[in-house]
Amino acid sequence: MSAHTIVSLLDQSTAKIPKDNYITRENGLLSWLLTSDHKRIAILYLISLSFFFFIGGALAGLIRLELLTPQTDLMATDTYNKVFTMHGVIMVFFFLVPSVPATLGNFLIPMMIGAKDLALPKVNLLSWYLYMAGGLLALYTMMVGGVDTGWTFTTPLSTHYVNTNVLTTGLAVFVAGFSSILTGLNFIVTIHKMRAPGMTWFRLPLFIWAHYAASILMVLATPVVAIAIVLVMLERTFGIGVFDPAKGGDPLLFQHLFWFYSHPAVYIMILPGMGVISEVISTFSRKRIFGYTAVAFSSVAIAVFGFFVWAHHMFIMGISNYAVLVFSLLTMLVAVPSAIKIFNWTFTLYKGSITFETPLLYAFGFMGLFTIGGMTGVFLGSSGTDIHLTETYFIVAHFHFVMVGGMLMAFLAGIHFWWPKITGRMYPEKLSQLAAVVTFIGFNFTFFPQFILGTLGMPRRYASYPPEFQILNVFSTAGATILGVGYLLPVLYLVWSLKYGAIAGNNPWQATGLEWQTQSPPLTENFAVMPIMDHEAYDYAWLEGQQQKDEQQHRQLHERQKETEVTSAG
Amino acid sequence: MNHLSPVIWQFLVKWMTNFALFPPEASKIAPQMDALYFFMVLVSLIGLTIVVLLVTSFSILYNKKRHPVAVQIEGSTLLEATWTIIPLGLFLVMFIWGALIYFRVFTPPANAMNIYVVGKQWMWKVEHPGGQHEINALHVPTGRAVQLTLISQDVFHSFSIPAFRVKREAIPGRYTTVWFEATKTGTYHLFCTQYCGTNHSQMIGDVVVMTPEEYRKWLISSTSGSSLAQNGERLFASLSCAACHNTRPDARGPSLANVYGSKLALSAGGTVIADDAYLREAILNPSQHITQGYAPIMPTYQGQISEEGVIALIEYIKNLDSDYRVQQTLNTTDLPPGSEGKTPAAKGQVSKGTVKP
Amino acid sequence: MPDSPAIAHEADNSANGANTANTEHPPYLRHHFNSTEQQADASNFAMWLFLLTEVMFFGGLFTAYLVYRNWYYPAFVSGSHQLNVVWGATNTLVLIFSSFTMAMAVWCAETSRRRGLVLCLTFTFILGLGFLGIKSIEYSEKIEKHHVPGLHYSLSSFLDPAHDAAARAAGDKPLPLDMARKTEVYFSLYFLMTGIHALHMIIGIGILGFMIFRARAGAYTAGHVTFVENFGLYWHFIDIIWIYLFALLYLISRH
């Protein structure tokens, strides 16, 4: 074993991908489209999510191109409004919310708890079809002229003042919401009812705790945005008047209903990413996560507190001063569990044995960028500073730091970390480390200037802006091109690795999770014989013991082989 | 600075203002808000530095080559407590400090002068009580507390003046308010910051801060000839409000003289302060706001008056003394001292007399 | 490649399912579950969770109702008086009775009474259809009187209750115009809440039809009762929602 890396591969001259695995078990397109195997569904999600990500990313590119100059010269203002709306809708509902849970969560949760599949495999497939239906509706909307209400569907703009495709977009989001609800429901039932013998709650990997917390949010919060969107669609079609002041309705009611979901939604997005980071940091420092119980409970705390802070999106909208007080205080409270996690991860590195493979590089990027993003959230949670900073590019920078600098980096960390398990192959390490660094640099160039723009007062959703804001916007666009390269590279080398990557073997990272104790790619039923959990999570001593047992067995086998050779020769 | 050539100095000043990291501080609250903002920046920087330093030093000290065997540590309650309590403490400081600023921004002083703003797709209509009408512009004097009463005619808009650090949503269906006191003369940006449709990014303008003297001159030169209260008087007459709202003993509606700012007992029970919001609701949804002792016969004027009309009526009612005829010499140019106050006690006399220079 | 021998493995009794009797490995046991108990437990838990999401879904509507009823009480009173309490109460009884027949159906399934199960499911089905029938009578009456928001909504019943049978019967006074306009909000909520409820009923009745078909073939009386049990939960939930809707929509200020 090299001193510089923990990667432990088989002898590449004789290594082979296991013949029977979930990919080879059945063939043909239908076997994939009608599968109930959680791993195949995860792959279906991975492909479709990547597709929607690049569409959303292309829209982002168009936004940044337009903002190179203060005037609206690249596209008409109406078009720009449609571009940023679709960027938001696609990125939020068709990438961020499903990303880690639908790909890594689907693939790994049963394996990590020692089960053969999720509790409701057919419902899992239904989730994917609902997601695809919603996504195709969104694409259709783009093709027939888009929508320009902003992803937040603010009433009365969306109900009475635009003549674009609000209905189809609303329907797309509604359908995708059900996909999310069913996924969360599946996860909760699975984690409760399908754990292997010996797998107690506090032996679960933190990835599971994170997904459990996110699933609670998915199940309880999403129905509320579903009804909010139904109300918008009905008001638009029939003029029912629930949000129309002329008829006695109140547009602020929509805001409450919408943000009641959309705030927990951001925790749906970030919690699974935090779960990934826990796994990566533990593995690459060879240590149990510092303060396992604190991290587990802080995930649930974020989920619970996350339900009580929604009106911090409405501080200047005319809600009462006392409501502002309450929500500001609760927002400060919800920031604490996130801070705790950063410190727990930092101290996991203490007295560890650290190597710097790509997943850890992404994890470090996450930690730095999420710290900035999270702290700027506190700027916004404090009602006084929120007055100046809300509705400006400060908000845009804040949520891109936590979502892109945080969540997307965690997603990439997870994809790289579990790529060997999912495909049986390793990605090229040097190139991927380069991509991680390029992404980090590009990200900072793109979004840090936007904090300054926001403080200067540049409003969001502006197609044109005062000329003095141009320099920072140019910086931001330049960064976006670098960021684009950073995102394109993984697509290219990951696809390359499917054919030419090194064969990974069971456990190239020598990690402790149950998923690493079986072949890569796994069997359809995950384990040849169901495991019993008789050790703690992140138990490197146990792993050490297993590896010694393995070596001993191999030696004995080798010796017996030699003996048979000798006796047969003699 | 005399060893620096004036050219270089000019260049430096231009460079610094073009690379400003925050907008000019042109209101009383701006430096207070900036103080909190910079405190937060400082705390964030320190927090980030701590995390980066720790991660970097741990990565160097404990990389695999130097530290091949990891030491399993379960945790440390002391450390957990520390990094829970310290951030919580800091966040609570920010909460309290921020809440104080927030309350300050949304609690106008009693002597604030009132300016109405109606937002619509895609312009701001600013109505001064003296009858000056502006579009996408707002002229204010230094040294005076100014309260903005905002409403939207259609969708959500948001009136933002970054240099003053104030921002407030203009909502359809109800008034919102914010106040500021400008401290530095100059011209500053005015933005609409709530996405409102196609020309959201064109709904911008200028806030012009002038010395009180210049402001006085501007008021004189920009008046439309008729104050908001006078417009309201005309509307009051044309809508026949006086048929019920008069001073006769058998009047079917309550007299509106001196009603602004007073406490009213409602027929449905409870009391209410007759402020702008109440008056607007009483005109548009009267059946829920009937004064005690009167029959619920007032018709609704929803759909018959524009938001500007409602504002004019409110201004008229605000300035009503014991007599229903607003003095035709109501001064359109001067700011009667203290007469813009919210409470009856602060209401001074309506200035009768000729135009003051 | 076999699993690492490092993982401890379970005693080998359920791994080779082929030689165990049907009672240990019945045909309806899905392969990812270890036992029928686990399967029943998991699907039951899943159904409770799903009902929780339904609570949150209706919760948004109940929130809107609470806010607007608080603001526009007189309009809600007049609007509510336009609904026929007799039909509403009948529907409530119909649903409660259908919950009873559904509970009987679950008992029949658990005690392997195939004919009883089919009978009870059929009764539930018919009662469900009855509910929808009464609902459609009520809806058509509302359409006739132009009380459907957005479709030529008429305020005359509220401005002039003397000429409206339902308002006269309830002793309603005429509403001022601005309050009369707010009745549209009431009816929006009425149609939304009962409409979404009716949609759930339609889905439930559809599943009932499917279940009757399968029950006749003996699908639920051979030990695999979870489908019937879980559907029973769903049906009871719809019933409970209706009871709240009846109280909140029909019974405002009735003397």
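Residues numbered from 1 in each chain as written. Chains lettered and ligands numbered in written order. Predicted model: local features only at pLDDT ≥ 70, side-chain atom pairs only at ≥ 80, totals over all residues.

Examining the overall build of chain B
Right, so step 1: A tally of helices and strands in chain B yields seven helices and 12 strands.
Right, so step 2: Put simply, chain B has 357 residues, and 39% of those count as buried.
Right, so step 3: Partitioning the contacts of chain B with sequence separation of at least 6, the portion at a separation of at least 24 is 67%. (Helix = DSSP H or I, 4+ residues; strand = E, 2+ residues; numbered from the N terminus. Buried ≥ 20, exposed ≤ 12 C-beta atoms within 10 Å, placed from the backbone. Contact = placed C-beta atoms within 7 Å.)

Re the overall build of chain A
Right, so step 1: Secondary structure assignment for chain A yields 17 helices and one strand.
Right, so step 2: C-alpha atoms of chain A, sized along the principal axes, occupy 100 × 45 × 45 Å.
Right, so step 3: Taking all contacts inside chain A whose residues are at least 6 apart in sequence as the whole, residues at least 24 apart take part in 85%.

Overview of the domain arrangement of chain B
Residues and elements named next belong to chain B.
Right, so step 1: Partitioning chain B into domains gives domain 1 (20-106), domain 2 (113-222) and domain 3 (228-346).
Right, so step 2: Taken together, the contact between domain 2 and domain 3 spans 15 residues of the former and 13 residues of the latter.
Right, so step 3: Among the elements of the structure, strand 1 (113-120), strand 5 (145-152) and helix 4 (212-222) are those that each provide at least two residues to the side of domain 2 that touches domain 3.
Right, so step 4: If you tally residues by element for the side of domain 2 that touches domain 3, the top one is strand 1, at four residues. (Domains from an automatic or database assignment.)

What about the interface of chain C and chain A?
Right, so step 1: Each partner contributes to the interface: chain C provides 38 residues, whereas chain A provides 47 residues.
Right, so step 2: Contributing elements (two or more residues each) for the side of chain C that touches chain A: strand 1 (8-9), helix 1 (36-71) and helix 8 (183-216) of chain C.
Right, so step 3: Taken together, the residues of the side of chain C that touches chain A sort by class into 22 nonpolar, 10 polar and six charged. (Nonpolar A, V, L, I, M, F, W, Y, C, P; charged D, E, K, R; others polar.)

What to know about the interface of chain B and chain A
Put simply, an interface is often sized by how much accessible area is lost when its parts join up.
Right, so step 1: Contacts between the two partners involve 79 residues from chain B, matched on the other side by 75 residues from chain A.
Right, so step 2: Broken down by secondary-structure element, the contributors of at least two residues to the side of chain B that touches chain A are helix 2 (29-61), helix 3 (77-106), strand 6 (157-161), strand 7 (166-170) and strand 9 (186-192) of chain B.
Right, so step 3: If you tally residues by element for the side of chain B that touches chain A, the top one is helix 3 of chain B, at 19 residues.
Right, so step 4: By residue class, the composition of the side of chain B that touches chain A is 45 nonpolar, 24 polar and 10 charged.

Section: helix 9 (residues 251-285) of chain A
Residue and element names in this part refer to chain A.
Right, so step 1: Relative to the 51 Å expected for 35 residues at 1.5 Å per residue, helix 9 spans 51 Å between its end C-alpha atoms, a close match to the ideal helical length.
Right, so step 2: Taking the largest bend as the criterion, helix 9 deviates by roughly 30 degrees, centred on Trp259.
Right, so step 3: Helix 9 sits mainly inside the fold: 34 of its 35 residues count as buried.
Right, so step 4: Among the residues trailing helix 9, Arg286 stands out with phi positive, at a value near 60 degrees. (Expected span 1.5 Å × (residues − 1). Bend = angle between axes of the 7 residues up to and from the residue.)

Description of the environment of Val529(A)
Residues and elements named next belong to chain A.
Right, so step 1: Topologically, Val529 is positioned in the loop between helix 16 (470-500) and strand 1 (531-532).
Right, so step 2: What makes Val529 partly exposed here is the crowd of 15 C-beta atoms within 10 Å.
Right, so step 3: On a C-alpha basis, the gap between Val529 and Lys116 in space is 10.0 Å, while along the polypeptide they are 413 residues apart.

Some thoughts on the sheet that holds strand 7 of chain B
Whether parallel or antiparallel, the strands of a sheet pair through hydrogen bonds between backbone atoms.
All names here are of chain B.
Right, so step 1: One open sheet accounts for five strands, arranged 4-10-9-6-7; its pairing is mixed. Pairing within the sheet leaves two strands with one partner each, and these edge strands are strand 4 (137-141) and strand 7. Across the sheet, the mean angle from the axis of one strand to that of its neighbour is 20 degrees, orientation sign disregarded.
Right, so step 2: Of the pairings in the sheet, the one linking strand 6 to strand 7 comprises five bridges and is antiparallel in character. Across the sheet, residue His157 finds its bridge partner in strand 7, namely Ala170. (Pairing = 2+ DSSP bridges. Axes fitted to C-alpha atoms, helices over the stretch in contact; angles between N-to-C directions.)

Describing the sheet that holds strand 8 (residues 176-181) of chain B
All names here are of chain B.
Right, so step 1: Read from one edge of the open sheet, five strands run 3-2-1-5-8, paired in mixed fashion. The open sheet has two free edges, formed respectively by strand 3 (133-135) and strand 8, since each of these has just one partner strand. For this sheet the average axis-to-axis angle between neighbouring strands, irrespective of direction, equals 25 degrees.
Right, so step 2: Examined bridge by bridge, strand 1 and strand 2 (residues 123-127) share five bridges and lie antiparallel to one another. Bridged to Lys120 within strand 2 is Met123.

Let's talk about the packing of helix 9 of chain A against helix 11 (residues 321-349) of chain A
Residues and elements named next belong to chain A.
Right, so step 1: Two numbers describe how helix 9 lies on helix 11: the axes approach to 9 Å, and their chain directions differ by 15 degrees. As judged from the angle between their axes, helix 9 and helix 11 are roughly parallel. Where helix 9 crosses over helix 11, the two elements pack in a sense that is left-handed. Packed against helix 9, whose contacting residues are Met274, Ile277, Ile281, Ser282 and Ser285, the element helix 11 presents Lys341, Trp345, Thr348 and Leu349 at the interface.
Right, so step 2: Split into classes, the residues belonging to the contact of helix 9 with helix 11 amount to five nonpolar, three polar and one charged. (Parallel < 35°, antiparallel > 145°, perpendicular 65-115°, else oblique. Left-handed = near helix turned anticlockwise from the far one by under 90°.)

Some remarks on the domain arrangement of chain A
All names here are of chain A.
Right, so step 1: The assigned domain composition of chain A is domain 1 (29-535) and domain 2 (539-570).
Right, so step 2: Measuring from the centre of the C-alpha atoms in domain 1 to the corresponding centre in domain 2 gives 46 Å.
Right, so step 3: Residue-level contacts link four residues of domain 1 with four residues of domain 2.
Right, so step 4: Considering only residue class, the side of domain 1 that touches domain 2 consists of no nonpolar, three polar and one charged.

Comments concerning the environment of Gly479(A)
Right, so step 1: With respect to the helices and strands, Gly479(A) occurs in helix 16.
Right, so step 2: For Gly479(A), the contacting residues outside a window of four places in its chain are Gly442(A), Phe445(A) and Thr446(A).

A closer look at helix 8 of chain C
Right, so step 1: Between its terminal C-alpha atoms helix 8 of chain C stretches 48 Å, which fits the 50 Å expected from 34 residues at 1.5 Å a residue.
Right, so step 2: Immediately downstream of helix 8 of chain C, the backbone of Gly218(C) shows phi near 85 degrees, a positive value.

Quick look at the pairing of strand 9 of chain B
Residues and elements named next belong to chain B.
Right, so step 1: With five of seven residues buried, strand 9 lies mostly within the body of the structure.
Right, so step 2: Inspection of the sheet shows strand 6 paired to strand 9 by two bridges, in the antiparallel sense. The residue of strand 9 that forms the bridge with Phe159 is Cys192.
Right, so step 3: Judged from the five bridges that link them, strand 9 and strand 10 (residues 205-210) form a sheet pairing that is antiparallel. Residue pairing in the sheet places His189 in a bridge with Asp206 of strand 10.

Digging into unusual backbone geometry
Right, so step 1: The linkage connecting Thr155(A) with the following residue, Pro156(A), adopts the cis geometry, with an omega of -10 degrees.
Right, so step 2: Residue Trp122(B) is bonded to the preceding Gln121(B) through a cis peptide linkage, with omega at -5 degrees.
Right, so step 3: Among the secondary structure elements, Trp122(B) is positioned in the loop between strand 1 and strand 2.
Right, so step 4: Although it is not a glycine, Gln510(A) sits at a positive phi angle of roughly 50 degrees.
Right, so step 5: Here Gln510(A) is to be found in the loop between helix 16 and strand 1.
Right, so step 6: A residue is classified by how many C-beta atoms lie within 10 Å of it, and Gln510(A), with 17 of them, is partly exposed.
Right, so step 7: Positive phi outside glycine occurs at Ser240(B), with the angle close to 60 degrees.
Right, so step 8: By secondary structure assignment, the location of Ser240(B) is in the loop between helix 5 (228-238) and strand 11 (263-265).
Right, so step 9: Accessibility expressed as a C-beta count within 10 Å gives 9 for Ser240(B), which makes it exposed.

Some details on the environment of Ala99(B)
Right, so step 1: By secondary structure assignment, the location of Ala99(B) is in helix 3.
Right, so step 2: A tally of 18 C-beta atoms within 10 Å means that Ala99(B) is categorised as partly exposed.
Right, so step 3: C-alpha of Ala99(B) to C-alpha of Pro212(B): the two residues are 113 residues apart in sequence and 31 Å apart in space.
Right, so step 4: In this view, Ala99(B) contacts Leu325(A), Ser328(A), Ser383(A) and Gly384(A); residues no more than four positions away in its chain are not counted.

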